[in-house]
Amino acid sequence: MDLEGFGHLLLSGAWVTVEIALCSLVLGLIIGIVGALAKLSSSPFLYVPATLYTTIVRGIPELLLVLTIYFGGAQFLMWISSFWGYEGYIEVNAFAAGVTALAIAFGAYSTEVFRMALLEIPKGQWESAQAMGLSPRQTFFRIIVPQIWRLAIPGLGNLFQVLLKDTALVSVIGLNELMRQAAVGSASTKQPFDFYLAAAILYLLLTLIATGISAWLEKLSKPEMRRAKA
Amino acid sequence: MSWNWSVIWEYLPRLLEGAWLTLELVGVSGILGILFAVPLAFIRASNITFLKALVYGYIFFFRGTPLLVQIFLIYYGASQFDWIKDSFLWPVLKEPYWCAIIAFTLNTSAYSAELLRGAIQSVPKGELEVADALGMSPLMKIRTVILPRAFGMVLPAYSNEFLLMLKSSALASTITLLDITGMARTIIARTYTPLEIFFAAGMMYLVIAAVLIGLFRLLELRVNRFKYISREGQ
């Protein structure tokens, strides 16, 4: 495979891919926790929107979501700014739009993972924490969160794999990540097969690294599964 | 910005045209994919080391890389080689429609082969022994015992995979096909009303997904009907 000096271009693209994936992961995890709490709350003002969010987002293609945020976002922002009398054209930053779209998609799925994890924790723990005088916030951060991580990590690991592959969709809105750089390279060398194969191999490597890290985190979250040191 | 409902109604027929192509892509590659997945799953469940490793490599590649790369590899990648351009394959590989079908088929067969392998391996041993005791040939055993049982077990997981494929089919729009997403993008290029048209497109995907979920429930009841017969008799 001869990449004719475009190898570094692919590597820089791979780095952008990693950046997109990590930013969307952080945002998506926050959405997921908030979403799960909203979905489990007894107030219909919280659980109805949360249920609508997960149902709709999980039912529409991620590509459509990326396009909607990028092109629709511009339309929406121009509408908002028109209230302040600004009538010019606004372009949405591709990186921000891509990360937002992927985080919204990841958040919908991680909401379900966190919800299942929260349901696994016995209600009695909330009650005994209350009996011991902990505030709901203290209970959540000190008693519940340390336990949901270990329940959620296997599911979240799978979701991160999907997220990593979905970052390729952001190339459609022109962000210079791995897929886009492969397209640039193949257009100027007329060797599309070599470039897309190289991109595929880089994606495989990234997936392998992600699998390794989530397996390591899973082990870390379960101290009782570690073998005792002799 | 004022929300423009009329643009949705005006372009609804075109979006429905796109919906038809989406259904066609998902339907054709779904059927081809499952047909292709059956032999792969049997190899994965078998003891033939060499073939097993080969199939595992195939599954690893198609599950570990983005579908978009796979589509581009087939659609753009094939044109790099003159021997493909000169061969009988070219009339097929130059059509974005067939490239999308090939990519979706290969992709979904990798995912469903793994699901099917799990089901094949969990067909109760007793049933296989009974089939042997009745003197069934290996092929007959596969056709009348293993496959029907495996399909019944795999259906819930497969319906999930099928819905994921429905969503992935939006990628066909990146190689100029006018499925729901592709049609929506063409319309928006003309009207510049992204929010309205993407909203309509999203609703179409939701409706299709809801109908598919219902159909899979019915299919599940039908395939696993032996589980419910005793209950109906009461």
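Rules and cut-offs
Residues numbered from 1 in each chain as written. Chains lettered and ligands numbered in written order. Predicted model: local features only at pLDDT ≥ 70, side-chain atom pairs only at ≥ 80, totals over all residues. Helix = DSSP H or I, 4+ residues; strand = E, 2+ residues; numbered from the N terminus. Buried ≥ 20, exposed ≤ 12 C-beta atoms within 10 Å, placed from the backbone. Contact = placed C-beta atoms within 7 Å. Axes fitted to C-alpha atoms, helices over the stretch in contact; angles between N-to-C directions. Parallel < 35°, antiparallel > 145°, perpendicular 65-115°, else oblique. Left-handed = near helix turned anticlockwise from the far one by under 90°. Expected span 1.5 Å × (residues − 1). Core = buried A, V, L, I, M, F, W, Y, C linked by C-beta atoms within 7 Å. pLDDT = per-residue confidence, 0-100.

The helix and strand tally for chain B stands at 11 helices and zero strands. Principal-axis analysis of the C-alpha atoms places the extent of chain B at approximately 70 × 60 × 25 Å. Relative to its full complement of 234 residues, chain B shows a buried share of 37%. For chain B, restricting intrachain contacts to residue pairs at least 6 apart in sequence, the fraction spanning at least 24 positions comes to 79%.

What follows deals with the packing of helix H2 (residues 44-59) of chain A against helix H4 (residues 94-120) of chain A. When two helices pack together, you describe them by how their axes are tilted relative to each other and by the distance separating the axes. All names here are of chain A. Where H2 contacts H4, the axes come no closer than 9 Å and their chain directions differ by 120 degrees. With respect to each other, H2 and H4 are oriented oblique. For the pair H2 and H4, the crossing hand works out as left-handed. Residue-level contacts link Ala50, Tyr53, Thr54, Val57 and Arg58 of H2 to Ile104, Ala105, Ala108, Tyr109, Thr111 and Glu112 of H4.

Looking now at H2(A). Counted at 1.5 Å a residue, the expected span for H2(A) with its 16 residues is 22 Å, and the 22 Å between its end C-alpha atoms agrees. Within H2(A) the residues assigned to the buried category are Ala50(A), Thr54(A), Val57(A) and Gly59(A). Residues of H2(A) that are buried in the fold lie against helix H1 (7-40) and H4 of chain A together with helix H10 (194-223) of chain B.

Each side of the interface is counted separately: chain B has 27 residues, and chain A has 31 residues. Secondary-structure elements contributing two or more residues to the side of chain B that touches chain A are helix H3 (67-75), helix H9 (180-191) and H10 of chain B. Examining the composition of the side of chain B that touches chain A, we find that eight residues originate from one element, H10(B), more than from any other.

What follows concerns the nonpolar core. Counting residues in each nonpolar core, the largest one holds 114 residues, and the members touching the most others are Val66(A), Ala199(A), Val69(B) and Ile71(B). It is H4(A) that provides the largest number of residues to this core, a total of 13 residues. Filtering out sequence-adjacent residues up to four positions away, Ala199(A) remains in contact with Leu10(A), Leu178(A), Met179(A), Ala182(A) and Val69(B).

A separate point is the confidence of the model for chain A. Across chain A, pLDDT averages 90, with 97% of residues at or above 70. The secondary-structure element of chain A with the lowest mean pLDDT is helix H3 (residues 62-81) of chain A, recorded at 90, while H4(A) shows the highest, at 95.

Moving on, we get to the environment of Ala113(B). All names here are of chain B. Checked against the element boundaries, alanine 113 lands in helix H6 (residues 96-121). Taking the C-beta count within 10 Å as the criterion, alanine 113 has 28 such neighbours and is therefore assigned buried. Distance from alanine 113 to leucine 40, taken between C-alpha atoms, is 5.9 Å for residues 73 residues apart in sequence. Once you skip the residues sitting within four places of it in the chain, alanine 113 turns out to touch Ala37, Leu40, Ala41, Arg44 and Ile59.

The periodicity of an α-helix, 3.6 residues per turn, causes residues three or four positions apart to be oriented the same way. Its 12 residues give helix H7 (residues 178-189) of chain A an end-to-end C-alpha distance of 16 Å, which sits within 8% of 16 Å, the value for a rise of 1.5 Å per residue. Within the span of H7(A), buried status applies to Leu178(A), Met179(A), Arg180(A), Gln181(A), Ala182(A), Gly185(A) and Ser186(A). On its buried face, H7(A) is in contact with H1 and helix H8 (192-220) of chain A together with H3 of chain B. In the segment just after H7(A), Lys190(A) is the residue with positive phi, at about 60 degrees.

Here we come to the environment of Gln147(A). Residue and element names in this part refer to chain A. Looking at where glutamine 147 falls in the secondary structure, it is placed in helix H6 (residues 136-166). Here glutamine 147 falls in the partly exposed class, since 15 other C-beta atoms lie within 10 Å of it. Distance from glutamine 147 to leucine 118, taken between C-alpha atoms, is 8.7 Å for residues 29 residues apart in sequence.

The next point concerns unusual backbone geometry. The backbone of Lys190(A) sits at a positive phi, close to 60 degrees, despite the residue not being glycine. Positionally, Lys190(A) belongs in the loop between H7 and H8. On the basis of neighbour count, Lys190(A) is assigned to the exposed category, with 10 C-beta atoms found within 10 Å. Positive phi outside glycine occurs at Thr176(B), with the angle close to 70 degrees. Topologically, Thr176(B) is positioned in the loop between helix H8 (138-168) and H9.

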